[in-house]
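# Analysis of the macromolecular model
What follows is the residue order along each chain.
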Amino acid sequence: MTELLRRSLTVFLLFTLLSFLYVYGNNFIFISLIYIVSILSFYEWNTINHNRYVYFFLFVFMLTFLDYTHAINIYYLALVNLLGWIILIYLMIFNREKLQLFIKKYFIVIGLFILLPFSLLLINMYPYSNTLTSNSNLVDNKHYFLFLILLISSIDIFAYISGKLFGRNKIISDISPNKTLEGYIGSYLFTFVFFIIFFNVNQIFWTYLDLVYLSIIVLAAFFGDLFMSFVKRTYDIKDTGSILPGHGGILDRLDSYFPSLPIFYLWLMI
């Protein structure tokens, strides 16, 4: 089976699973899937530098505890997570050696910083006014998941197509040699056009502030992908795992979501 066929088959199966979940899933299934994806993601992160499994169980405990006790205010969690990502991205651009040392020294801490907020923001993907109530149903707000997946997938697809067709100038070749300026610009422009059409066709009211948020998310998705490439180069690996044939690991597919999700939450949930 060719690489392209494996990738296509994996995309088809994931699309089928998500479509079935969207149509028939209940609140318990939605939350269970978030737990499964989050735990598998941290397992991949934990195995990148061969850490002990005690950290894996630490993540499971912290996620369960923070979820069930509501010990963290989700709004402030999104703000702090976004600030942390700004610092990581700044270091990746202007001080890579320092960031590499920081990653190697605090690898598990960074993994917790990335994946705990990601998991908790997904579990609380409904308007902030409802987040402190005990009867908020995730399934009632599943359209936000659909919009998030559609948005990030569009960014990735348009970047890939634009890069293949027009890519000439590398952006940061020593981190990710396949990322081109033309690919990023094409992703930015096509995503803008696609979602303006999407909003208008579905008669969704939008303002210029929405376009600002959309611009920031496109930029954040790019840096999320770049950051995971930076981590993989730090540890000299090609993929974070092999659970998704033709695509690598779960982290390889979620990287664009990590810095984008707090912005998405602040945009639509507040």
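Our subject in this report is the structure included herewith. These numbers come from a predicted model, not from an experiment. (Residues numbered from 1 in each chain as written. Predicted model: local features only at pLDDT ≥ 70, side-chain atom pairs only at ≥ 80, totals over all residues. Heavy atoms only, no water.)

### A word on the overall build of the chain
Put simply, the rule reads: Secondary structure counts use DSSP, requiring at least four H or I residues in a row for a helix and at least two E residues in a row for a strand, with both numbered from the N terminus. The globule rule used here is 2.2 Å times the number of residues to the 0.38 power, and the radius of gyration it is set against is calculated over C-alpha atoms. Relative accessibility thresholds used throughout: buried, under 20% of the residue-type maximum; exposed, over 50%; partly exposed, between the two (1.4 Å probe, protein chains only). By definition in these notes, contact holds between two residues if any of their heavy atoms fall within 4.5 Å.
A tally of helices and strands in the chain yields eleven helices and zero strands. The order of α-helices and β-strands along the chain, N terminus first, is α-α-α-α-α-α-α-α-α-α-α. In terms of C-alpha radius of gyration, the chain reaches 18 Å, essentially the compact-globule figure of 18 Å for 270 residues. The proportion of buried residues among the 270 residues of the chain is 46%. Here the analysis covers contacts within the chain between residues at least 6 apart in sequence; of these, 73% occur between residues at least 24 apart.

### A short note on the pattern of salt bridges
We apply this condition: Only one rule defines a salt bridge in this text: a Lys or Arg side-chain nitrogen within 4 Å of an Asp or Glu carboxyl oxygen.
This model, assessed by the stated rule, comprises three salt bridges. Among the salt bridges present, the one from Lys 232 reaches Asp 252, with a minimum N-O distance of 2.8 Å. On the criterion of sequence distance, the pair formed by Lys 232 in helix H9 (residues 208–234) and Asp 252 in helix H10 (residues 250–254) is long-range, its members being 20 residues apart. Note on accessibility: Lys 232 and Asp 252 belong to one class, buried. Across the salt bridge formed by Lys 238 and Asp 239, the nearest N and O atoms sit 3.7 Å from each other. Owing to a relative accessible area of 68%, Lys 238 belongs among the exposed residues under this scheme.

### Thoughts on helix H7 (residues 142–166)
We count it as follows: Here a helix's expected span is defined as the number of its residues, less one, multiplied by 1.5 Å.
Across its 25 residues, H7 extends 36 Å between first and last C-alpha, which sits within 8% of the 36 Å expected from 1.5 Å per residue. Taken together, the buried positions of H7 are Tyr 144, Phe 145, Phe 147, Leu 148, Leu 151, Ile 152, Ser 154, Ile 155, Phe 158 and Ser 162. Check the buried side of H7 and you find it contacts helix H2 (27–48), helix H6 (107–123), helix H8 (181–201), H9 and helix H11 (257–268).

### Focus on the packing of aromatic side chains
Note the cut-off: Centre distance within 6.5 Å is the pairing criterion for rings of Phe, Tyr and Trp, where only the six-membered ring of Trp is used; planes under 30 degrees apart are then read as stacked, over 60 as edge-to-face, and the remainder as tilted. To sit over a ring, a charge needs its Lys NZ or Arg CZ within 6 Å of the ring centre and within 35 degrees of the ring normal.
Per the stated rule, a full pass over the model turns up 32 aromatic pairs. Considering the side-chain rings of Trp 85 and Phe 113, the 6.2 Å spacing of their centres and the 45° angle between planes classify their relative orientation as tilted. A residue pair is termed long-range when its members are at least 10 positions apart, and Trp 85 in helix H4 (residues 74–94) and Phe 113 in helix H6 qualify at 28 residues. The exposure class of Trp 85 is buried, given its relative accessible area of 1%. An aromatic cluster is defined as three or more aromatic residues linked by ring pairs; in this entry it consists of Phe 147, Phe 158, Phe 190, Phe 194, Phe 195, Phe 198, Phe 199, Tyr 213, Phe 264 and Trp 267. The cationic tip of Lys 142 hangs over the ring face of Tyr 22; the distance from NZ or CZ to the ring centre is 4.8 Å.

### A word on unusual backbone geometry
Residue His 70 is not a glycine yet carries a positive backbone phi of 55°. We note that Asp 236 has phi near 55°; this positive angle belongs to a residue other than glycine. Note on placement: Asp 236 falls in the loop between H9 and H10. Accessibility expressed as a relative area gives 72% for Asp 236, which makes it exposed.

### Digging into the nonpolar core
Applicable threshold: Residues belong to a common nonpolar core when they are buried Ala, Val, Leu, Ile, Met, Phe, Trp, Tyr or Cys residues joined through side-chain atoms within 4.5 Å.
Residues Trp 45, Ile 103, Leu 115, Met 125, Phe 227, Val 231 and Phe 258 are the most contacted members of the largest nonpolar core, which totals 76 residues. In contact with Phe 227, not counting residues within four places along its chain, are Trp 85, Leu 88, Met 92, Leu 99, Ile 103, Ile 110 and Ile 114.

### Remarks on the packing of H4 against H11
Between two packed helices, the angle of one axis relative to the other and the distance separating the axes together describe the packing. What counts is decided by this rule: To define axes, lines are fitted to C-alpha atoms, for helices over the stretch in contact only, and angles between the resulting N-to-C directions are given on a 0 to 180 degree scale. Any angle that is under 35 degrees is reported as roughly parallel, and any over 145 degrees as roughly antiparallel; angles of 65 to 115 degrees are reported as roughly perpendicular and all others as oblique. Note on convention: near helix rotated counterclockwise from far helix by under a right angle means a left-handed crossing. Clockwise means right-handed. For this classification, Asp, Glu, Lys and Arg are treated as charged, while Ala, Val, Leu, Ile, Met, Phe, Trp, Tyr, Cys and Pro are nonpolar and the rest, including Gly, are polar.
Here H4 crosses H11 at 140°, and the two axes come no closer than 9 Å. Of the possible angle classes, the one that applies to H4 and H11 is oblique. Crossing angle aside, the handedness with which H4 passes H11 is left-handed. Between H4 and H11, the residues in contact are Ile 74, Tyr 75, Ala 78, Leu 79, Asn 81, Leu 82 and Trp 85 and Phe 258, Pro 259, Pro 262, Ile 263, Tyr 265 and Leu 266, respectively. For the contact of H4 with H11, the per-class residue count stands at twelve nonpolar, one polar and no charged.

That is the geometry; function is a separate question.
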